[in-house]
Amino acid sequence: MGGRSVVGVACVLFALVIGLLTGCQSTSGASDEEDGRLDKTASEQQVAPSRAAGHGAMFLGVDECSSFGTTSFTEVSCTSERAAARVVARHDGAVSGGPLCPGTTDFVLHISEQSRSSDEDGDGAIPQGYACMRNLAPPHPGDPGGGGGPRTIVGDCVYSSGDGQVRETSCDGKGQQKPEYKVTKAAGKRAGCPLSTALYVQLGGEKPVGCARPM
């Protein structure tokens, strides 16, 4: 089946920015007064659509699928052999001001606005938004202990990268960096963490404090 295709071009009004799998956070020790500030970073790839026609009324709506590529990103049928990831949540606006993606999201696609006049097929404007993506097959870096994903969640492991920063790494020790701490609990405040907590990591959401113990 055909699909909405995105290809790399210059001077475009629409872009998908792929949030890759590594993240970085500011953290603090158990004796500090302030919670660690989330500072998740990601590599980015910008691509633009050559066609806006596709499978649903919304570009990459919930339960729609996309393929992967180095220079293109295409919306395809989830039954296609090219399908690689499924949209598990879709929100308008910027990630910084919108709802969090589900905890086990593998990566995020940032979608910039496309006006009706720039739509080659005349199907309508595409508003700014973002799609929370889950790979159809392993690996799932967003799973607890998986070593990546756009969010840090209970079960994830981190290592110190210097200057008060920590980065996620896989808990099984098979990543490039060995895990030093594991997030064992999410709490509303530091007082809700167990006494064994050695590091606090900001998680976001209703329970923003991650209680981490040494590995």
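Note that the structure is predicted; figures quoted are calculated from it, not measured. (Residues numbered from 1 in each chain as written. Predicted model: local features only at pLDDT ≥ 70, side-chain atom pairs only at ≥ 80, totals over all residues. Heavy atoms only, no water.)

S.K.: Which residues make up the overall build of the chain, and what values do they have?
M.R.: If you tally the helices and strands in the chain, you get 0 helices and 14 strands. Helices (α) and strands (β) of the chain occur, in sequence order from the N terminus, as β-β-β-β-β-β-β-β-β-β-β-β-β-β. Looking at the chain as a whole, 42% of its 215 residues qualify as buried. A fraction of 59% describes how many contacts in the chain between residues 6 or more apart in sequence connect residues 24 or more apart. (Helix = DSSP H or I, 4+ residues; strand = E, 2+ residues; numbered from the N terminus. Buried < 20%, exposed > 50% of the residue type's maximum accessible area, 1.4 Å probe, protein only. Contact = heavy atoms within 4.5 Å.)

S.K.: With reference to specific residues and values, describe unusual backbone geometry.
M.R.: Trans peptide bonds make up the majority, and among non-glycine residues the majority have a negative phi. For the bond running from P138 to P139, omega is 5°, close enough to zero to count as cis. Relative to the assigned elements, P139 resides in the loop between β9 (129-135) and β10 (157-162). Non-glycine residue L60 carries a positive phi angle of around 50°. Among the secondary structure elements, L60 is positioned in the loop between β4 (46-49) and β5 (65-66). Positive phi is not limited to glycine here, since D63 has a value of about 75°. Its relative accessible area of 49% is what places D63 among the partly exposed residues.

S.K.: Outline the nonpolar core, supporting the account with residue identities and numerical values.
M.R.: Formed by F59, L60, A85, V87, F107, L109, I111, A131 and M133, the largest nonpolar core amounts to 9 residues. Per element, the largest residue contribution to this core is 3 residues, and it comes from strand β8 (residues 107-111). Look past the residues within four positions of A85 in its chain and what remains in contact with it is E64, C65, S66, F68, F107, M133, R134, N135 and L136. Core analysis: the second largest hydrophobic core is formed by 7 residues, V158, V166, V183 and L199 among them. (Core = buried A, V, L, I, M, F, W, Y, C linked by side-chain atoms within 4.5 Å.)

S.K.: I'd like a description of the confidence of the model for the chain, backed by residues and values.
M.R.: Low-pLDDT stretches of the model should not have their predicted coordinates read in fine detail. Residues of the chain with pLDDT of at least 70 account for 65%, and the chain-wide mean is 75. By mean pLDDT, strand β2 (residues 16-19) is the weakest element of the chain at 39, and strand β12 (residues 181-187) is the strongest at 97. For the stretch residues 4-23, pLDDT sits under 50, and the model shows 97 contacts to residues farther than four places along the chain or on other chains. Low pLDDT, under 50, characterises residues 31-54; the predicted model gives this stretch 86 contacts beyond four residues in sequence or across chains. (pLDDT = per-residue confidence, 0-100.)

S.K.: Could you give an account of the state of the cysteines, with specific residues and numbers?
M.R.: This model, assessed by the stated rule, comprises 4 disulfides. Each disulfide pairs two cysteine sulfurs, and for C65 the partner residue is C78, the sulfurs being separated by 2.0 Å. Classification of the bridge connecting C65 and C78 rests on its S-S torsion, roughly 100°, and on that basis the disulfide is right-handed. Placement of the pair is C65 in strand β5 and C78 in the loop between β6 (72-76) and β7 (85-92), with a sequence separation of 13 residues. Look at C78 and you get partly exposed, because its relative accessible area is 27%. Across a sulfur-sulfur distance of 1.9 Å, C101 and C132 are joined as a disulfide pair. Sign of the S-S torsion, about -75° for the bond between C101 and C132, identifies this disulfide as left-handed. In this pair, C101 sits in the loop between β7 and β8 while C132 sits in strand β9, placing the two residues 31 residues apart along the sequence. The exposure class of C101 is buried, given its relative accessible area of 8%. (Disulfide = S-S within 2.5 Å.)

S.K.: Could you give me a rundown of the pattern of salt bridges, with the residues and numbers involved?
M.R.: One pass over the structure, following the stated rule, counts 2 salt bridges. Of the charged contacts, one joins R134 and D106 as a salt bridge, the two residues approaching to 3.9 Å between their closest N and O atoms. With R134 in strand β9 and D106 in the loop between β7 and β8, this pair connects stretches of sequence that are 28 residues apart. In this structure, R134 engages D143 in a salt bridge whose closest nitrogen and oxygen atoms are separated by 2.7 Å. Overall, the relative accessible area of 22% leaves R134 in the partly exposed class. By relative accessible area, D143 is classed as partly exposed at 24%. (Salt bridge = Lys/Arg side-chain N within 4 Å of Asp/Glu carboxyl O.)

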